Amino acid sequence: SDSGGGTTDAAGEEVAALSDIPVGGSIGATIGGAPVLLSQPTEGDVVAFSAICTHQGCQVGVEGGAFVCPCHGSVFDAATGAVEQGPALDPLPSVAVMVDGDRVIAG
Ligand code: FES
């Protein structure tokens with residue numbers, strides 16, 4: 001759609017290959033130059049989140065099956081973005097992606 005409402009200029013951009021994301025695991029990528037985290041909780045099902053920590057804006061990484069912020073240790077669920085451990089109070093915002101064959105595309 002070109003009517004706005006949550007799409008970005010990066011819509012349609014190839015973000016990663018599906019086969020690059022471990023099933024049950026996560027990788028880092030970028031969408032429109034912004035860091036994101038991609039997870040494949042179940043085979044063929046990809047979810048994406050902003051990698052900007054909701055605490056003070058550090059870049060969150062993948063560590064031990066979760067998303068971990070290096071600055072003050074916040075931990076986020078890799079399948080939902082929910083806070084598992086503070087100091088962050090808010091979840092990582094989800095980012096729209098679609099799977100097309102082996103391609104993960106920004107939505
Ligand atoms: Fe991420 Fe503080 S900026 S825990």
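Whatever comes next refers back to the structure up there.
Predicted model, so just to flag it, every value in this text is computed and none were measured.

## Here's the deal with the nonpolar core
Now for step 1: Core analysis: the biggest nonpolar cluster contains 15 residues, and Val15, Ile21, Ile31, Leu38, Val46, Val97 and Val104 have the highest contact counts within it.
Now for step 2: Counting residues per element, the ones that place at least two in this core are β1 (14–17), β2 (26–31), β3 (34–42), β4 (45–50) and β11 (103–106).
Now for step 3: At three residues, the largest contribution of residues to this core is made by β2.
Now for step 4: Among residues more than four places away in sequence, those in contact with Val46 are Leu18, Ile21, Ser39, Gln40, Val97, Val99 and Val104.
Now for step 5: In terms of nonpolar packing, the next biggest core, distinct from the first, is built from eleven residues, Leu37, Phe49, Cys53 and Ala88 among them.

## Section: the environment of Met98
Now for step 1: Structurally, the position occupied by Met98 is in strand β10 (residues 97–100).
Now for step 2: Judged by its relative accessible area of 47%, Met98 falls in the partly exposed class.
Now for step 3: In this structure Met98 touches Arg103, Val104, Ile105, Ala106 and Gly107, once residues within four positions along its chain are discounted.

Basis of the calculations
- Residues numbered from 1 in each chain as written.
- Predicted model: local features only at pLDDT ≥ 70, side-chain atom pairs only at ≥ 80, totals over all residues.
- Heavy atoms only, no water.
- Core = buried A, V, L, I, M, F, W, Y, C linked by side-chain atoms within 4.5 Å.
- Buried < 20%, exposed > 50% of the residue type's maximum accessible area, 1.4 Å probe, protein only.
- Helix = DSSP H or I, 4+ residues; strand = E, 2+ residues; numbered from the N terminus.
- Contact = heavy atoms within 4.5 Å.

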